[in-house]
Each structure stands twice: as structure tokens, then as C-alpha cells.
Amino acid sequence: DCLNMMAFCCASLVDGCVGPLQAALTARLTQAAIEGDEESAKIQIAMYVGSYLLGLAAYTMMVRSYSALLANGTYHVQRCVATQMLSMGFKDHSTYPSGSVNAMFASDITRLQDLWTGVTWSLLSPLMKVSVAVLYAMYVSPQVGILALTVFPLIFSTVPQSQSSSVAAEHSIANSETISVFQSGVA
């Protein structure tokens, strides 16, 4: 899983670099248009389209890495639960009502999915983009970069999280209801 995590981080870093790259290409294209240099403008347009393809490749790699992380984590949880269930005695099996093990297992899978989604898409990907943005700002104008370094912690510590928390809670409830309906149909 370390390889997939590294692939996700690298793809996030490339994805974060696409924005500054497109800004630089737009500036160069504008300069070529002002100077009337058609050859340079054609090259800049081709490079700009290429930057979108680079962004698409990075996003595809992010999705692939995330899927592999989630699949490996799910496999690990399923294997551990199956091992524990097989090693339980008759007395242990009789303590669980029918379907409760399935419900607990489905709940664990949902929690695992939420964990990986939170770590990858809500933490690592934005962290890489913010890092690239700050480094780009420092490169373009060191004063702006330093200002960004001082302002970002304030923004992150004061942004209200209630809306994202309520959306996550609604998502969990919807997942639980879906799993419950599926289990009722299977059982």
C-alpha cells in the first residue's frame, strides 16, 4: 500500500502543478498574441492543451491509486474478520443474532471507505495543491508567498466545518440504509 500511497501523493503533486503551469502558459500565450508571433502562439496553445491532458493523467492516477488503496484495505479487513469468524467456537456464534455479523462487517467497510476518502481526497490532495500554490506564490513574489504562509493557518483554523460534517453524517446514514436494504434482500 505504500506504493499506492506514494503514487497518489505524486499524482496529487502533479495535479497541483497543473494550475501554475496553465497560468504560465496563459501568460506566454498572451505575450505571443501581443507580439503577433503566430508560431509561438501555436506552440503555446498545443502546450496548454497538453497541460489539460497532464491534469487528466494525474487525476486518473489519483483515482487508480485510491481504488487500489481501498481495495487492499477492504481485502485486509475481510480477511481479518473471516479469520476471526472461523476461529470462533459454537458458543461465540450463538451470542450473535442472525445478520449482526454482516451488519458489523458492512459498517467496518463503510468506515474504512470513509477513512481512505478522508485521508486521500480531503487531506493529501488539497495539501499538495496548497503546497504547490504557496511555492508558486513564493517564486513569483516572495512577499505574497510569505503572506500566504502566515494567512493559510488562520484560514484553516477558522473555517467552519459544520457543513462538511453534516454532509458526511448524511452520507453515512444513506450508506447504512442501503446496506440494510441489501442485507434484508440477501438474507
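None of the values given here were measured: they were computed from a predicted structure.

Novice: Help me out: how do you make sense of the overall build of the protein in this one?
Specialist: Of regular secondary structure, the protein possesses 6 helices and 0 strands. In the protein, the succession of helices and strands from N to C terminus is α-α-α-α-α-α. Per-residue burial over the protein gives 23% buried out of 187 residues. Once local pairs closer than 6 in sequence are excluded, the contacts in the protein between residues at least 24 apart make up 77%. Taken as a whole, the protein presents about 12,600 Å² of accessible surface, with 70% of it coming from carbon and sulfur.

Novice: Even after reading the chapter, I still don't get the packing of aromatic side chains, so can you show me in this structure?
Specialist: Two descriptors summarise a pair of aromatic rings, namely the distance from one centre to the other and the angle between the planes of the rings. Within this structure, the stated rule accounts for 1 aromatic pair. With a centroid separation of 5.3 Å and 80 degrees between ring planes, the pair formed by Tyr48 and Tyr52 is classed as edge-to-face. Taken together, the residues Tyr48 and Tyr52, both in helix α2 (residues 38–87) and 4 residues apart, mark about one turn of the helix.

Novice: Just to check I follow, could you spell out the pattern of salt bridges for this structure?
Specialist: Side-chain pairing between opposite charges can occur once the charged atoms of the two side chains come close. Per the counting criterion, the structure on display carries 1 salt bridge. Across the salt bridge formed by Asp15 and Lys129, the nearest N and O atoms sit 3.0 Å from each other. Placement of the pair is Asp15 in helix α1 (residues 2–35) and Lys129 in helix α4 (residues 100–140), with a sequence separation of 114 residues. Overall, the relative accessible area of 17% leaves Asp15 in the buried class. Assessed through its relative accessible area of 38%, Lys129 is described here as partly exposed.

Novice: How do you make sense of the nonpolar core when you look at a structure like this?
Specialist: If you look at soluble globular proteins, the nonpolar side chains tend to sit buried side by side. Ranked by size, the top nonpolar core spans 13 residues in total, and within it Phe8, Tyr66 and Trp116 carry the most contacts. Every element with two or more residues in this core is listed here: α1, α2 and α4.

Novice: How should the packing of α1 against α2 be read in this particular structure?
Specialist: Relative orientation and spacing of two packed helices are given, respectively, by the angle between their axes and the distance between those axes. It is at 8 Å that the axes of α1 and α2 come closest, and there the two elements cross at 165 degrees. Comparing the axis directions of α1 and α2 gives the class roughly antiparallel. Two packed elements cross with a definite hand, and for α1 against α2 that hand is left-handed.

Novice: What is the right way to look at a nonpolar patch on the surface in this model?
Specialist: Together, Ile45, Val49, Leu53 and Leu56 give the surface a local cluster of nonpolar side chains, amounting to about 380 Å² of exposed area. As for its position among the elements, Ile45 is in helix α2.

Novice: Mind showing me how you'd approach the environment of Phe105 here?
Specialist: You can see Phe105 is positioned in helix α4. Under the relative-accessibility criterion, Phe105 is labelled partly exposed at 24%. For the pair Phe105 and Gln78, spaced 27 residues apart in sequence, the C-alpha separation works out to 7.9 Å. Beyond its immediate chain neighbours, meaning those up to four positions away, Phe105 contacts Val77, Gln78 and Val81.

Novice: Whenever I open this one, the side chain of Ser12 confuses me. Can you help?
Specialist: Tracing the backbone shows Ser12 in helix α1. Setting aside residues up to four positions removed in sequence, Ser12 forms contacts with Met62, Ser125 and Met128.

Novice: Got a minute to help me understand the confidence of the model for the protein in this structure?
Specialist: Any segment with low pLDDT has predicted coordinates that should not be analysed in fine detail. Taken as a whole, the protein shows an average pLDDT of 79; of its residues, 76% reach a score of 70 or greater. Considering each helix and strand of the protein separately, the mean pLDDT is smallest for helix α6 (residues 162–186), with a value of 60, and largest for α1, with 90.

Novice: Would you take a moment to explain α2 for this structure?
Specialist: Since there are 3.6 residues in each turn of an α-helix, residues three or four apart along the chain are aligned in direction. The first and last C-alpha atoms of α2 sit 73 Å apart over 50 residues, in line with the 74 Å expected at 1.5 Å per residue. Put simply, Asp37 is the residue that caps the front of α2, since its side-chain oxygen is 3.4 Å from the backbone nitrogen of Ser40.

Novice: Would you explain the environment of Met6 in this entry?
Specialist: You can see Met6 is positioned in helix α1. C-alpha of Met6 to C-alpha of Ser65: the two residues are 59 residues apart in sequence and 8.7 Å apart in space.

What counts and how
- Residues numbered from 1 in each chain as written.
- Predicted model: local features only at pLDDT ≥ 70, side-chain atom pairs only at ≥ 80, totals over all residues.
- Heavy atoms only, no water.
- Helix = DSSP H or I, 4+ residues; strand = E, 2+ residues; numbered from the N terminus.
- Buried < 20%, exposed > 50% of the residue type's maximum accessible area, 1.4 Å probe, protein only.
- Contact = heavy atoms within 4.5 Å.
- Areas by Shrake-Rupley, 256 points an atom, 1.4 Å probe, with all protein chains shown as cover.
- Phe/Tyr/Trp six-rings, centres within 6.5 Å; stacked < 30°, edge-to-face > 60°.
- Salt bridge = Lys/Arg side-chain N within 4 Å of Asp/Glu carboxyl O.
- Core = buried A, V, L, I, M, F, W, Y, C linked by side-chain atoms within 4.5 Å.
- Axes fitted to C-alpha atoms, helices over the stretch in contact; angles between N-to-C directions.
- Parallel < 35°, antiparallel > 145°, perpendicular 65-115°, else oblique.
- Left-handed = near helix turned anticlockwise from the far one by under 90°.
- Patch = residues over 30% accessible without salt bridge, like charges linked within 9 Å, V, L, I, M, F, W, Y side chains within 5 Å.
- pLDDT = per-residue confidence, 0-100.
- Expected span 1.5 Å × (residues − 1).
- Polar contact = N/O pair within 3.5 Å; in protein donor to acceptor, adjacent residues only side chain to side chain.

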